[in-house]
Amino acid sequence: MKERITLGQYYQADSVLHRMDPRVKLTGTIIYIAALFMAGNVWGYLLATVFLVTVIVLSEVPVKFMLRGMKSIALLIAITVFFNLFMTPGEVLYSVWKLKITREGLYIAVTMAIRLVYLIMGSNIMTLTTTPNGLTDGLESLLSPLKVLHAPVHEVAMMMSIALRFIPILMDETDKIMKAQMARGACFDEGNLIERAKSLVPLLVPLFVSAFRRAGDLALAMEARCYRGGEHRTKMKPLHYELRDYVGYAVLVILITAAILIRVLC
Amino acid sequence: MSLEFKDVSYIYDADSNIPVNALKDINLEIKEGVFYALIGHTGSGKSTLVQHMNGLMSPTRGEVLYNGVPVRDKDMNLRELRSKVGLVFQYPEHQLFEVSVYDDVCFGPKNMKLPPEEIKKRAEDALRLTGVDESLWKLSPFELSGGQKRRVAIAGVLAMQPEILILDEPTAGLDPGGRDEILKQIKLLHESRRITIVLVSHSMEDVARFVDRIIVMNKGCIEYNDTPANVFRHVEELEEMGLSAPMVTYVMRKLRSLGLPVKDDVITVSEAADEIEQALRP
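Residues numbered from 1 in each chain as written. Chains lettered and ligands numbered in written order. Predicted model: local features only at pLDDT ≥ 70, side-chain atom pairs only at ≥ 80, totals over all residues. Heavy atoms only, no water.

Draft legend 1. Expanded view of the pairing of strand β9 (residues 213-218) of chain B. Among the 6 residues of β9(B), 5 are classified as buried, and the element is accordingly described as predominantly covered. Hairpin connection from β9(B) to strand β10 (residues 221-226) of chain B: 2 residues lie between these consecutive antiparallel strands, with B:Lys219 at a positive phi of about 50°. (Buried < 20%, exposed > 50% of the residue type's maximum accessible area, 1.4 Å probe, protein only. Helix = DSSP H or I, 4+ residues; strand = E, 2+ residues; numbered from the N terminus. Pairing = 2+ DSSP bridges.)

Right, here's the structure in full:
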């Protein structure tokens, strides 16, 4: 049960990327994606590849973990490739029955697939090397200028970290409830659609009851510790930049400049 | 009825970089009509062991045999097995979901596809056996107190009329009064129906008073499988495993070391009282 969900899974290690400030990594992901989508020729993709490979090596995360994250979007990529391959009008290279593969279609399909794979891998590296709490801290800090516009940045960040914190707890709980009901003869993978939907009731009712109870308890515990939102709230571990973070930013500036230059010049 | 473990090992996360060996070559036979206690420190493998008994988990190596048939055999009907080997988990909140107490207890028998009269009979029977008052039957299970929820959860499993009843910490989180009531009810059940019971527990006092045999687990192995008096003789070893003997055993050992001629394998308060009386009588 637990193995199936890899989204936002943190991989424990002590690499340069793991120690890097989450703000750099968030900005980096955005810049990387921008550079990736600016690429219009071989050089552009080469640049993205070099950056991606370097980052993968630096992250010290086994490639196995990154590929695991790819499984979930394999279908999406397949569909994208399929439609681009057959639906793009242009010079026909090969045709089977009513389906025609065109030169333009082939080009778009390949670049689309590369972009999608690179996109997911790039953002996977961020989530694999950054703890969920680090991510929300970074996001809060990056978005804090919006506070001037009275956007509830802190509240949203707090909700995000609570939600993330609760995922493993609720997964665990789901597992326990499933087992408790299976011990009473419940079966979750049997019968037609309606029967299956019905069989979820004994799972969902205890899960919701427990989620609400936990939410209530947590709210009470936070209030008991005088939590009252973002105003004047300090952090236990405030984010601060170090040398490697400045180096990171410098690399990102080089990346985006190179991407723009390639786009304009080649 | 027979339930047997043959060289059972179970490894969590076998393919990760930190595999956990939760069970190591377990050999065990659960005999009919015996009241067992399963004790061990947190993480000793108790929960993993009991989940192997009804096929919720299957061994990495070795076999669990129910009436001689391996639990993971293709011919094994898991639903039937789970109705014969009833497992009640620690938190009743994990299983109560119906609109009323009565309906919730019917869930197990309904899954067994029994006729309605039989379901009704079994549910009422189970509720009476666990001492749930008839005035509570139509209430929502969420309105009950902790102790009552516990009873309803046990009734929910008992309604399937299992041959073995496994209870995972049925007294955790209850006050002493509620704890005693539940344990007495379980003991009564064992005596009136001769049903085999496996009680997972932390409390040495409870275990000493009620059970026939104690299975002690430590780091995935079975250290002892013996009568309470024999198990609690190994006080030092038990303490090393993060367990203890009943309070009264310590008292008797101390008295003995102070020179009072009492036996030191006494495990219940009433036994101790008799023993001390004997020793003091001129």
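Draft legend 2. A look at the pattern of salt bridges. All names here are of chain B. In the structure shown here, the tally under the stated rule is 23 salt bridges over all chains. A salt bridge links Glu-124 to Lys-120; its shortest N-O distance comes to 3.3 Å. Here Glu-124 pairs with Lys-120, and both are found in helix α4 (residues 116-129), just 4 residues apart, close to one helical turn. One salt bridge in this structure joins Asp-206 and Arg-179, with 3.5 Å as the shortest N-O distance. Linking Asp-206 in helix α7 (residues 204-210) with Arg-179 in helix α6 (residues 176-193), this pair joins segments that are 27 residues apart in sequence. On the basis of relative accessibility, which here comes to 0%, the residue Asp-206 falls in the buried class. Classification of Arg-179 as partly exposed rests on a relative accessible area of 26%. Among the ionic contacts, a cluster of salt bridges with common partners joins Arg-179, Asp-180, Asp-206 and Arg-209. (Salt bridge = Lys/Arg side-chain N within 4 Å of Asp/Glu carboxyl O.)

Draft legend 3. Structural view of empty space enclosed by the protein. All names here are of chain B. Using the criterion set out here, one finds 2 cavities of 30 Å³ or more in the structure. When its volume is computed, the largest cavity comes out at roughly 60 Å³. Lining the largest cavity, in full, are Leu-129, Thr-130, Arg-151, Ile-154, Ile-182, Gln-185, Ile-186 and Leu-189. Looking at the lining of the largest cavity, the element that brings in the most residues is α6, giving 4 residues. For the lining of the largest cavity, a count of residues per class yields 5 nonpolar, 2 polar and 1 charged. Around the second largest cavity, the lining residues are Val-88, Phe-89, Arg-150, Ile-154, Leu-167, Asp-168 and Pro-170. When grouped by side-chain class, the residues that make up the lining of the second largest cavity number 5 nonpolar, no polar and 2 charged. (1 Å grid on protein atoms, 1.4 Å probe; cavity = no way out; pocket = protein on both sides within 12 Å on 5 of 7 lines; lining within 4 Å. Points joined across faces, edges and corners; volume = space filled by probe spheres on them. Nonpolar A, V, L, I, M, F, W, Y, C, P; charged D, E, K, R; others polar.)

Draft legend 4. Just the packing of aromatic side chains, in detail. Inspection of the entire model under this criterion finds 9 aromatic pairs over all chains. One aromatic cluster is present, formed by A:Phe82, A:Phe83 and A:Phe86 through successive ring pairs. (Phe/Tyr/Trp six-rings, centres within 6.5 Å; stacked < 30°, edge-to-face > 60°.)

Draft legend 5. The arrangement of the interface of chain B and chain A in detail. Counting residues at the interface gives 24 residues for chain B and 22 residues for chain A. Interface area, chain B with chain A, both sides summed: about 1800 Å², of which 58% is carbon and sulfur. There are 1 salt bridge connecting chain B and chain A. Note that A:Arg184 and B:Asp104 form a salt bridge whose closest N and O atoms lie 3.1 Å from each other. Where chain B packs against chain A, one counts 6 residue pairs in polar contact (both at pLDDT 80 or more). For the side of chain B that touches chain A, the elements supplying multiple residues, two or more each, are α2 (78-84), α3 (101-111) and α5 (146-158) of chain B. It is α3(B) that provides the largest number of residues to the side of chain B that touches chain A, a total of 4 residues. (Contact = heavy atoms within 4.5 Å. Buried area = accessible area lost by both parts, 1.4 Å probe. Polar contact = N/O pair within 3.5 Å; in protein donor to acceptor, adjacent residues only side chain to side chain.)

Draft legend 6. Fine view of helix α10 (residues 247-257) of chain B. Residue and element names in this part refer to chain B. Buried within α10 we find Val-248, Thr-249 and Met-252. Viewed end-on, α10 has its buried residues packed into an arc of 105°, placing them on one side of the element. Exposed residues on α10 whose side chains face more than 90 degrees from its buried face are Met-247, Lys-254 and Ser-257. Packing partners of the buried residues in α10 comprise α11 (269-280). Looking at the residues trailing α10, positive phi occurs at Gly-259, about 110°. (Arc of directions from axis to C-beta.)

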